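Secondary and tertiary structure notes
Residue strings, one per chain:
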Amino acid sequence: MDFLLPDFTPAYPEIFLLFMICVVMLADLFAGEKNRLLSFYLSLLTLAGCAFITYGIYSTEVRYTFSGMFVGDAMSDTLKLMIYLTVAAVLIYSRAYISLRGLLKGEFFSLTLFATLGMMVMVSASHLITLYLGIELLSLSLYAMVALQRESAVATEAAIKFFVLGALASGFLLYGMSMLYGATGTLHISELTKSIQQGTADHDIFVVGLVFVVAGISFKLSAVPFHMWAPDVYEGAPTAITLFIGSAPKLAAFGFVMRLLVEGLGELATDWQGMLVLLSVASMAVGNFVAIAQLNIKRMLAYSTISHVGFVLLGFIAIGENGYSSAMFYVIAYVLMTLGAFGIIMLLSREGFEADKISDFKGLNQRSPWLAFMMLLIMFSMAGVPPMIGFYAKLAVFQAVLEAGYVWLVVVAVVLALIGAFYYLRIIKFMYFDAPEDTRPILFKPDVRILISTNGLAIVLLGIFPQALMGLSLSAIQHSM
Amino acid sequence: MDSFQPLFEQLFGSEWGVPLFLLAKNLLLILAIIIPLLLAVAYLTFAERKIIAFMQVRVGPNRVTFFGIPWLGGWGQPIADAVKAIMKEIIIPTGANKFLFLLAPILAITPALAAWAVVPFSPELVLADINAALLYILAMTSLGVYGVIIAGWASNSKYAFLGAMRSAAQVISYELAMGFALVCVLMMSSSLNLGDIVAGQQGGSFLNWYMIPLFPMFLVYFISGVAETNRLPFDVAEGESEIVAGFHVDYSGMAFTIFFLAEYANMILVATLTSIMFLGGWLPPVDIAPFNLIPSIVWLLLKIAIMLFFFLWFRATFPRYRYDQIMRLGWKVFIPITLIWIVLLGAVMQLPEAALQSFPLNLWF
Amino acid sequence: MIFQDFVFYSLASVVIISALGVITLRNPVYSVLLLVLAFVTSSGLWLLLEAEFLAIALVVVYVGAVMVLFLFVVMMLDINLDQMREGFWKWFPFGAILAFIMTVEMSMVLMSKQFSSEIIQTPEYKSVDYSNTKELGRLIYTEYVYVFELAAVILLVAMVAAIAITLRHRTDKKSSNASRQIAVSRNERLKVISMPAEKKE
């Protein structure tokens, strides 16, 4: 037997997380109905522990382990830290919401942590099977979370749609991967590149494989024309879970695209560039135009997500370090904005009332000026108004695309972004210039107040001083390529 | 037998002669297994009636003899039963799905017979000496449930359908525990070949049989085997007092008899596998003079007979389990036991050699 | 090997016919049963490829467990097939065009030089005592241990999810607690009292 025990060090965060998930599940089993918050605190503790470990093993060199199926590098560590932060914020935002809706169960936390594990696997995968299993782990947990509110017909319908389309996307992805395997005879991402460089295999097979892989990715990213699930799922799922689906998985999806398209299929960049241009323009156009017609704010934000995905894809189109790091910056900025937006929707809702109509925001300024101001910051940022982070994110992406020489693409994107500004500003108009329909005060706990304030301030501060975050993204990308 | 091969090659050419010869040879060998098996099934029913009668202080069948010989009273009964079954009309209910209704008994008996292909009767006497025999057995026993389900559905009757549903859930539940128990056996023998599994139990006496180190697994396997064959006390799929006769309520004549044959063939199969995997197969209990002179097949048959006796004994002794209790036993008792035992066994097997040797009375690791 | 070819083509045609039956037959129970047949014959094809472990695992897992549960569900459903078939002909041309394009693309790829027998060699035949179960086991627990564990985690998630979605604590049902029933002792149920014999009047 010539088998050496793999080096577990790079995978310590994953191992720790899996161990703690089991602890959370068991603790919840024995804690009983009254101590449900134990799982909440344990989950936060777990995320803190993961962050501590990831920070401890952070280094700029690339570490492979498990026979080259797992890779730890600057990009994966950075993304993992962002994921922990996002998931922790999601949990804190959702606490009041889920406890009012009977979702404060051990399963909510264990599934959240399982999904986190899936995201971590995705961002540090260096093997097609690992990538696939990571995305399945994430998706399966998300399907279950959407369906967790079993009495709600809307949530169940959303879960079924999500599940069926997600399964279809997985099929696409797997089929594409099998094509790549057939052409190269390897599933290791690094060997995939080498094999393409040698050029022994037929180019047509790669292209067919690539089409399926890109279609699968677009499903998961909800890029047009594979976006149909997103609005229904965002609207149907309980807001806490919409928040989760809309935030952290986007970071993981970024890592996924980096690993698969850039690291694995970077040699085929000229082929996937064209596909991404189509997807990107279609996403920006459909997302921004359809969002205008929405009356439900969760649905509107779903379409806004679709348009933001288009902007993120722009970063990939501008092949090169600047492009990828600007895409990473954009994703982080987007996650920050989504957290705030859905966080505020949850704060406005109360028992038996969801606050998911745009008209529910009427006169928010009179009811809670601070909350209205935070929403204002978020909406400005989403629309890309300087000096918010959303502005700088768009700017960075546009710069990268200009450098790559796609002037027309930038013009189209700017026009579409301007059109998109309309529906963001409409919410601001409702908040500040309309009379409230409902004058009940908004109650929330101090921890949420601190969180939402930090969130809002981060949007402004990172917009004014983007260098730190931009530098982080750039170094993460540079050290991993 | 191999001397006929040239004849085949002459008749059909070398390209087709070899496969055709193998086909013919295997067909003969299959018949050599199945005919004694069916006879055994027939006399198992007789043994069942006699033994249960004895336990209930009755006489049992004692009338039908051969050629009027009085002391053979009763021994003709299974033959008479078979003749009766063949003569009876197969009634197909009006609402039934005719094709599936007739397919069901065939699907029930085929896997019960097919599993015998890999069963060794002595170190040399085995039809197909394949490496993955244990897996093959698992596959075949898991197919048997189709006969029951399809019979239940095709009859277009509430009672039959209820029986089929019960049976499906029960068989799948117990298959898990059964599979895990077998995992322990293959961990001990590090082989999936049934001949190797018996060879792994060699070593002088019955203390080397896997029954001793894997005693809980032996119980789990055998009880799961009883449940898999839908025998009492787990016969909720039939449950005369609840759902008339369960899945085969609408069957008559030969169609019914085939279900009956399948059930008994499965019983013999489970008894044989238990003997092979836990009771040392054809090995004598003590490897000294009078015992090891007896032919090995006798020992195997003896062990099978003992296990079959347990089947009959259970039937005479225990009341039927309630359905939820069956599920509870399978999922909440057997599966945890087997899982823990697998981990324990793995841990023991990973101990360093020196530590294992220092155990007093360690015969197995 | 003409005989092997014969076995291959007969199994393959059964697979194709039964797979066609799965999607064309009107009775869903027949469809499921034909799917079972397709699985069993595919397992036969895998046996021809000397992949005995995978072949038997296919039968044990899919035929023996998954499809039984599937059949279980389908038999209990009351599907109105006419309703499901509404709009079939309306969408048929669209679907047919898509299917045609897919077929052309796939045949272009699969018939390309890449997959021809010149580039992809026939694997050599292994000797009789070669156990591919053992080889697979060795690979799964060494080189692929990470993905193996991940697959296990996915199954755990599936279990957690299934229980979370379906388990409800009903308060209106009466059930007996089996553990307590078993643990009951004689003293709880039966009291032996001594009574003086009554006098006969």
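Residues numbered from 1 in each chain as written. Chains lettered and ligands numbered in written order. Predicted model: local features only at pLDDT ≥ 70, side-chain atom pairs only at ≥ 80, totals over all residues.

- Identification of chain B as NADH-quinone oxidoreductase subunit H from Nitrosomonas eutropha is taken from an unreviewed UniProt entry.
- A UniProt comment under Subunit (unreviewed entry) is attached to chain B, and it reads "NDH-1 is composed of 14 different subunits. Subunits NuoA, H, J, K, L, M, N constitute the membrane sector of the complex."
- Taken from UniProt, the Sequence similarities (unreviewed entry) comment for chain B reads in full: "Belongs to the complex I subunit 1 family." (UniProt positions renumbered as here; feature names shortened; annotations may be inferred.)

- In the annotation of an unreviewed UniProt entry, the entry for chain A reads NADH-quinone oxidoreductase subunit N, and the organism field reads Nitrosomonas eutropha.
- UniProt's Subunit (unreviewed entry) comment on chain A is quoted here verbatim: "NDH-1 is composed of 14 different subunits. Subunits NuoA, H, J, K, L, M, N constitute the membrane sector of the complex."
- For the record of chain A, the UniProt heading Catalytic activity (unreviewed entry) holds the text "a quinone + NADH + 5 H(+)(in) = a quinol + NAD(+) + 4 H(+)(out)".

Here's the deal with the overall build of chain B
- When its secondary structure is counted, chain B shows 14 helices and 0 strands.
- Put simply, chain B runs from its N terminus to its C terminus through helices and strands in the order α-α-α-α-α-α-α-α-α-α-α-α-α-α.
- Taking 2.2 N^0.38 as the reference for a compact globule, 365 residues should give roughly 21 Å; the C-alpha atoms of chain B span a radius of gyration of 22 Å, in line with that estimate.
- Expressed along its principal axes, the backbone C-alpha trace of chain B runs to roughly 70 × 65 × 50 Å.
- Partitioning the contacts of chain B with sequence separation of at least 6, the portion at a separation of at least 24 is 74%. (Helix = DSSP H or I, 4+ residues; strand = E, 2+ residues; numbered from the N terminus. Rg over C-alpha atoms; globule rule 2.2 N^0.38 Å. Contact = placed C-beta atoms within 7 Å.)

Here's the deal with the interface of chain C and chain A
- Facing the 22 residues of chain C at the interface are 30 residues of chain A.
- Those elements giving two or more residues to the side of chain C that touches chain A turn out to be α5 (88–110) and α7 (145–166) of chain C.
- For the side of chain C that touches chain A, the element with the highest residue contribution is α7(C), accounting for 13 residues.
- Its residues assigned to classes, the side of chain C that touches chain A shows 16 nonpolar, 3 polar and 3 charged. (Nonpolar A, V, L, I, M, F, W, Y, C, P; charged D, E, K, R; others polar.)

Observations concerning the interface of chain B and chain C
- With 21 residues of chain B at the contact, the number on the chain C side is 19 residues.
- When contributions to the side of chain B that touches chain C are tallied by element, the ones reaching two or more residues are α1 (5–55), α4 (133–143), α5 (145–154), α6 (158–189) and α13 (323–350) of chain B.
- The greatest single-element share of the side of chain B that touches chain C, amounting to 6 residues, is contributed by α4(B).
- Split by residue class, the side of chain B that touches chain C holds 15 nonpolar, 3 polar and 3 charged.

Focus: the UniProt feature "transmembrane region" (unreviewed entry) in chain B
- As annotated by UniProt and renumbered to match this structure, "transmembrane region" (unreviewed entry) occupies residues 20–46, 99–121, 133–155, 176–194, 206–224, 264–284, 296–317 and 329–351 of chain B.
- End C-alpha to end C-alpha, residues 20–46 of chain B measures 39 Å, and it is 100% helix and 0% strand.

Structural notes on the arrangement of the chains
- Contacts between protein chains span 2 pairs of chains, and they are most numerous for chains A and C.
- With no contact between them, chain A and chain B keep their nearest C-alpha atoms 15 Å apart.

A closer look at the confidence of the model for chain B
Residues and elements named next belong to chain B.
- Per-residue pLDDT for chain B averages 84, and the proportion of residues at 70 or more is 98%.
- Per-residue pLDDT, averaged within each element of chain B, yields its smallest value for helix α9 (residues 240–243) (71) and its largest for helix α8 (residues 215–228) (90).
- Both scores are available for the predicted complex, with the pTM at 0.88 and the ipTM at 0.90. (pLDDT = per-residue confidence, 0-100.)

Digging into the packing of helix α14 (residues 321–348) of chain A against helix α20 (residues 467–480) of chain A
Residues and elements named next belong to chain A.
- Running from N to C, α14 and α20 cross one another at 130 degrees; their axes reach a closest spacing of 9 Å. As summarised for this structure, α14 and α20 are arranged oblique, according to the angle between their axes. For the pair α14 and α20, the sense of crossing is right-handed. Counted together, Glu321, Tyr324, Ser325, Met328, Phe329 and Ile332 of α14 and Leu469, Met470, Ser473, Leu474, Ala476, Ile477 and Gln478 of α20 form the full contact between these two elements. (Axes fitted to C-alpha atoms, helices over the stretch in contact; angles between N-to-C directions. Parallel < 35°, antiparallel > 145°, perpendicular 65-115°, else oblique. Left-handed = near helix turned anticlockwise from the far one by under 90°.)

Some thoughts on the domain arrangement of chain B
Residues and elements named next belong to chain B.
- One can read the domain layout of chain B as domain 1 (1–61) and domain 2 (94–357).
- Taken over C-alpha atoms, the centre of domain 1 sits 20 Å from the centre of domain 2.
- Contacts between the two partners involve 15 residues from domain 1, matched on the other side by 11 residues from domain 2.
- Among the residues forming the side of domain 1 that touches domain 2, the class breakdown is 12 nonpolar, 2 polar and 1 charged. (Domains from an automatic or database assignment.)

Some remarks on α13(B)
Residue and element names in this part refer to chain B.
- Relative to the 40 Å expected for 28 residues at 1.5 Å per residue, α13 spans 40 Å between its end C-alpha atoms, a close match to the ideal helical length.
- The largest bend in α13 comes to about 30 degrees, at Phe334, with the proline Pro336 one to four residues further on.
- Next to the buried residues of α13 lie α6 and α8. (Expected span 1.5 Å × (residues − 1). Bend = angle between axes of the 7 residues up to and from the residue.)

Focus on the environment of A:Leu279
Residues and elements named next belong to chain A.
- Looking at the secondary structure, you find Leu279 in helix α12 (residues 269–292).
- Using a count of 26 C-beta atoms within 10 Å as the deciding quantity, one classes Leu279 as buried.
- Between the C-alpha atom of Leu279 and that of Ala393, which follows or precedes it by 114 residues, the distance is 19 Å. (Buried ≥ 20, exposed ≤ 12 C-beta atoms within 10 Å, placed from the backbone.)

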